[in-house]
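Overview (structure and organization)
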Amino acid sequence: QVQLVESGGGLVQTGGSLTLSCATSGRLFTVYVVGWFRQAPGKERELVAAIRRGGSTIYADSVKARFTISKDTAKDTVHLQMNSLKPEDTAVYYCAAQDFGTMQYDYWGQGTQVTVSS
């Protein structure tokens, strides 16, 4: 099992910045990718950014050049730095881990709310 705990959400004005953190623990050797997802009311959950074990990253087009995903290997923590925030970034943000064996996001955090006011 892998446990994930998000932190860092909150209320910010348009153009502001927030950093989300995902603390991981458990059988981390089974994890291939850690991703950040978000879900806004009435919308489907979408992948925002992900970082593979080797360090390569992927981003949704809507956040490229504004969001940066990184990992602190010493602290087993993945961060999502969000800059130039827009009202449409408002959502619950979830951290998830993809298992090597299943190649599915089998493990999820509880989510953290991000609200961007206009």
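Sequence order as written defines the numbering, with residues in each chain counted from 1. Local features in a predicted model are, by the rule used here, given only for residues with pLDDT of at least 70; side-chain atom pairs are given and counted only at 80 or more, and totals for whole chains, interfaces and linings are based on all residues. For side-chain calculations, the full set of non-hydrogen atoms in the structure is used, while hydrogens and water are omitted.

What follows concerns the overall build of the protein chain. In DSSP terms, a helix is any run of H or I states spanning at least four residues, a strand is any run of E spanning at least two, and both are numbered starting from the N terminus. Looking only at helices and strands, the protein chain features zero helices and eleven strands. From first element to last, N terminus to C terminus, the protein chain shows the α and β order β-β-β-β-β-β-β-β-β-β-β. Relative to the globule expectation of 13 Å for 118 residues, the C-alpha radius of gyration of the protein chain, 13 Å, shows essentially globular dimensions. If you line up the protein chain on its principal axes, its C-alpha atoms span 40 × 30 × 25 Å. With 118 residues in all, the protein chain has 41% of them scored as buried. The contact rule is simple, with two residues in contact once any of their heavy atoms fall within 4.5 Å. Expressed as a percentage of contacts within the protein chain between residues at least 6 apart in sequence, the contacts between residues at least 24 apart total 53%. Areas reported as accessible are Shrake-Rupley estimates using a 1.4 Å probe. Residue values count occlusion only from the protein chains shown. Entry remark: accessible area of the protein chain is about 6,200 Å², with carbon and sulfur atoms responsible for 51%. Between the two quantities, the radius of gyration covers C-alpha atoms and the globule rule is 2.2 Å times the number of residues to the power 0.38. Throughout this description, buried means an accessible area under 20% of the type-specific maximum (1.4 Å probe, protein chains only), exposed means over 50%, and partly exposed covers the range between.

All right, on to the packing of aromatic side chains then. Only rings of Phe, Tyr and Trp enter the pairing, Trp through its six-membered ring, and a pair is recorded when the two centres are within 6.5 Å. The plane angle decides the type: under 30 degrees is stacked, over 60 is edge-to-face, the rest tilted. According to the stated counting rule, one finds five aromatic pairs in the structure shown. Geometrically, the ring pair formed by F37 and Y105 is edge-to-face, given 4.9 Å between the ring centres and 85 degrees between the ring planes. With F37 in strand 4 (residues 31-39) and Y105 in strand 10 (residues 105-108), the pair connects residues that are 68 residues apart, well separated along the chain. By relative accessible area, F37 is classed as buried at 10%. Considering the side-chain rings of Y105 and W108, the 6.3 Å spacing of their centres and the 55 degrees angle between planes classify their relative orientation as tilted. One aromatic cluster is present, built from ring pairs that chain together F37, Y94, Y105 and W108. By definition here, charges over rings are those cases where NZ of Lys or CZ of Arg is within 6 Å of the ring centre and within 35 degrees of the ring normal. A cation sits over an aromatic face here: R45 above F37, 5.9 Å from the ring centre. Between the NZ or CZ atom of R45 and the centre of the ring of W108, over which it lies, the distance is 4.0 Å.

This part covers the state of the cysteines. Note on disulfides: each one is a pair of cysteine sulfur atoms within 2.5 Å. All chains considered together, the criterion is met by one disulfide. Sulfur-sulfur distance for the disulfide between C22 and C95 comes to 1.9 Å. The chirality of the disulfide connecting C22 with C95 is left-handed, given an S-S dihedral of about -75 degrees. Within this pair, whereas C22 is found in strand 3 (residues 18-26), its partner C95 is found in strand 9 (residues 91-99), the two being separated by 73 residues in sequence. Both residues of the pair, C22 and C95, belong to the buried class.

Each nonpolar core is a collection of buried residues, namely Ala, Val, Leu, Ile, Met, Phe, Trp, Tyr and Cys, held together in the definition by side-chain atoms within 4.5 Å. With 28 residues, the main nonpolar core has W36, F67, L80, M82 and Y93 as its most contacted residues. Sorting the residues of this core by element identifies strand 1 (2-7), strand 3, strand 4, strand 5 (46-52), strand 7 (67-72), strand 8 (77-82), strand 9 and strand 11 (112-117) as the ones contributing at least two each. When residues in this core are grouped by element, the largest group, four residues, is from strand 9. With residues up to four places along the chain from it excluded, the contact list for L80 reads L18, T19, L20, W36, V48, A49, F67, T68, I69 and Y93.

In this analysis, strands are considered paired if DSSP registers two or more bridges between them. Taken in spatial order, the four strands line up as 1-3-8-7 in an open sheet, and their pairing is antiparallel. Only two strands of the sheet have a single partner each, and these edge strands are strand 1 and strand 7. Taking each pair of neighbouring strands and ignoring which way they run, the sheet shows an average axis angle of 20 degrees. Here six bridges tie strand 3 to strand 8, and the two strands are oriented antiparallel to one another. From the neighbouring strand, T19 faces strand 8, where its bridge partner is Q81. For every element, the axis is a line fit to its C-alpha atoms; helices are fit only across the contacting stretch, and the angle between N-to-C directions ranges from 0 to 180 degrees.

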